[in-house]
Amino acid sequence: MAVRKVTRSAKLFERAQKVMPGGVSSPVRAFKAVGGEPRFMKSGKGAYIKDEDGRTYLDYVMSWGPLIHGHAPKGLLAALGRAAKHGTSFGAPTRLEIELAEAVRELVPSMELVRFTSSGTEAAMSVLRVARAATGRDAVIKFAGCYHGHADGFLVDAGSGAATLGVPTSPGVPKAAAALTLTARYNDLASVESVAELAKDGVAAVLVEPIAGNMGLVPPEPGFLEGLRALCDRSGALLVFDEVISGFRASRGGAQHLLGVRPDLTCLGKIIGGGLPVGAYGGREDLMRRVAPDGPVYQAGTLSGNPLAMTAGLWALSQLSDKLYAKLERLGGLLAEGLSDAAHRAGTDVSINRVGSLLTVFFLDRPVMNYDDAKASDTAAYGRFFQAMLAEGIYLPPSQFEAWFLSGAHATRDVDDTIRAARKAFEAAATT
Ligand code: PMP
């Protein structure tokens, strides 16, 4: 009889569950959707991570997006070391915040003024407050399968971990808060028009991930974002792009630059913090001047604009180059093609969505254009695929409803290894 070795990760998971709900600080990390125990990570370098048992994995989660330059790049560590010597937090303004705000505005010109927060959740929550204050309206339109953090109004048909756990609206969200959130279908302008009619007093904002990353990756159809822009212009609603994932990833100027649609307000996170906790929101000056202390819309944060986070963000943005995006596009293309071919050889039906360095392999035999399509995927097959890849040392998102992230630290060799592993894993996925 084979004796299964108890791993350090398994022991840590048991211990973690005694002190933390699910043993984790964020739900998807618990591997609920794919089974087995999560791997407790100890270190990362470049495209690789190592767990507490000393097992090494090629990483496609990359901290869910911030690590576009890979794990622990030397330049970043040096910059953080220098910055930490000057102190870790002041609760007073610093030069670093101005420098990062200027860098953001240069890359994303629609962000005429910027406010830093400590997470994407705070950015989305705050941008909505600004939109409501500016329009004097309460209702907001979001899209099923889009995720904008875990503030009350956004936990309605949310993607990401909420999709993984099948939570339509979280308990604890007041009915009154949920009632103000109208949900439309991604890539379906007619659905936006019809839910807008339900808001008798008008819509404050249409919030959208311009490239959706939280129901798995779903790109906007041509004309979708332009249609939202036109609809907002007609109705007086503000168009808000949540670029927490797509910012600085879809292109240097985010999805708005890549796709040529200018929102009124934008949320950022992830890359802008270079792996430290950061979010930001910003947009039209007339709207952002409403934020305290220039205006009455209150929003604040003890660690907002934290000098270490600003340093990491400045370093991350300084390293963005045309060469990096060309590499990410090339690797993304190779990976998508190789995975598609591997699935085909194994006789597995998949549908792969990709934009640059972001992709999702949906276990479905037709294109995925919205949350209904994504939900039709065979999540059990994804779970089997995930486990088989993990056994080969490839760390994928532990849920069908998340994007894979490439970084500049990934190499062609890594992509080749991934495709080789996938040939076996697709076969494993096909066997129930
Ligand atoms: N918006 C989007 C599009 C996201 O992907 C996320 C997190 N994945 C958030 C908001 C929330 O950001 P955070 O987890 O930093 O609160």
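Note that the structure is predicted; figures quoted are calculated from it, not measured.

Ranked by size, the top nonpolar core spans 135 residues in total, and within it V127, A131, A205, V206, L238 and V240 carry the most contacts. Residue contributions to this core reach at least three from each of two domains, namely domain 1 (8-60 + 321-430) and domain 2 (74-318). Among all residues touching A205, those that are not within four sequence positions of it are L128, A131, V140, A237, L238 and V240.

Turning our attention to the environment of A139. Residue placement: A139 occurs in strand β5 (residues 139-143). Residue classification places A139 among the buried positions, given that 22 C-beta atoms sit within 10 Å. C-alpha of A139 to C-alpha of A204: the two residues are 65 residues apart in sequence and 5.7 Å apart in space. Here A139 is in contact with L180, L182, A199, D201, V203 and A204, once residues within four sequence places are set aside.

Before going further, it helps to spend a moment on helix α11 (residues 307-318). Helix length check: α11, at 12 residues, gives a terminal C-alpha distance of 16 Å against a target of 16 Å (1.5 Å per residue), a fit within 8%. Among all positions of α11, only P307, L308, A309, M310, T311, A312, G313, L314, W315, A316 and L317 are buried. In the core, the buried residues of α11 are packed alongside α2 (74-85) and α3 (95-107).

Another point: the site of the ligand. Near the ligand lie 17 residues; those nearest to it are S119, G120, T121, G149 and V244. Class assignment for the residues of the shell around the ligand results in five nonpolar, 10 polar and two charged.

Mapped onto the fold, P277 is located in the loop between β9 (265-269) and β10 (279-283). Between the C-alpha atom of P277 and that of A101, which follows or precedes it by 176 residues, the distance is 16 Å. In this view, P277 contacts S118, S119 and A309; residues no more than four positions away in its chain are not counted.

Our next topic: the domain arrangement of the protein chain. Here the protein chain is described as being made up of domain 1 (8-60 + 321-430) and domain 2 (74-318). Between domain 1 and domain 2, the contact holds 25 residues from the first and 25 residues from the second. Elements that contribute at least two residues to the side of domain 1 that touches domain 2 include exactly β11 (351-355), β12 (358-362) and α13 (371-375). If one sorts the elements of the side of domain 1 that touches domain 2 by residue count, β12 sits on top with four residues.

This part is about the UniProt feature "modified residue: N6-(pyridoxal phosphate)lysine" (unreviewed entry) in the protein chain. UniProt annotation of "modified residue: N6-(pyridoxal phosphate)lysine" (unreviewed entry) refers to K270 when read in the numbering used here. One can find K270 in the loop between β9 and β10. For K270, a count of 28 C-beta atoms within 10 Å gives the class buried. Among all residues touching K270, those that are not within four sequence positions of it are G65, P66, G120, V244 and I245.

Looking now at the sheet that holds β12. Taken together, the three strands give an open sheet; going across it, the order is β11-β12-β14, and neighbouring strands pair in antiparallel fashion. For this open sheet the edge positions go to β11 and β14 (404-405), each flanked by a neighbour on one side alone. Both β12 and β14 contribute to a ladder of two bridges, which runs antiparallel. In the strand pairing of β14, L358 is matched with F405. Contacts from helix α12 (residues 322-346) reach β11 and β12, with the element oriented near 180° to β11.

Moving on, we get to the sheet that holds strand β3 (residues 56-59). Spatially, the four strands line up as an open sheet ordered β1-β2-β3-β13, and their pairing is mixed. Each edge of the open sheet carries a strand with a single partner, namely β1 (41-45) and β13 (394-395). Bridge analysis of β3 against β13 gives two bridges, and the strand direction is parallel. Each bridged residue has a counterpart across the sheet, and for L58 the counterpart in β13 is I394.

Residues A292 and P293 are joined by a peptide bond in cis, for which omega reads 10°. Tracing the backbone through its elements, the reader meets P293 in the loop between α10 (285-288) and α11. Despite not being glycine, W64 has its phi angle at roughly 70°, a positive value. Mapped onto the elements, W64 comes out in the loop between β3 and α2. Even without being glycine, N187 reaches a positive phi, approximately 65°. Here N187 shows up in the loop between β6 (181-184) and α7 (189-196). By the C-beta count within 10 Å, which is 22 here, N187 ends up buried.

What counts and how
Residues numbered from 1 in each chain as written. Predicted model: local features only at pLDDT ≥ 70, side-chain atom pairs only at ≥ 80, totals over all residues. Core = buried A, V, L, I, M, F, W, Y, C linked by C-beta atoms within 7 Å. Buried ≥ 20, exposed ≤ 12 C-beta atoms within 10 Å, placed from the backbone. Domains from an automatic or database assignment. Contact = placed C-beta atoms within 7 Å. Helix = DSSP H or I, 4+ residues; strand = E, 2+ residues; numbered from the N terminus. Expected span 1.5 Å × (residues − 1). Near = placed C-beta within 6 Å. Nonpolar A, V, L, I, M, F, W, Y, C, P; charged D, E, K, R; others polar. UniProt positions renumbered as here; feature names shortened; annotations may be inferred. Pairing = 2+ DSSP bridges. Axes fitted to C-alpha atoms, helices over the stretch in contact; angles between N-to-C directions.

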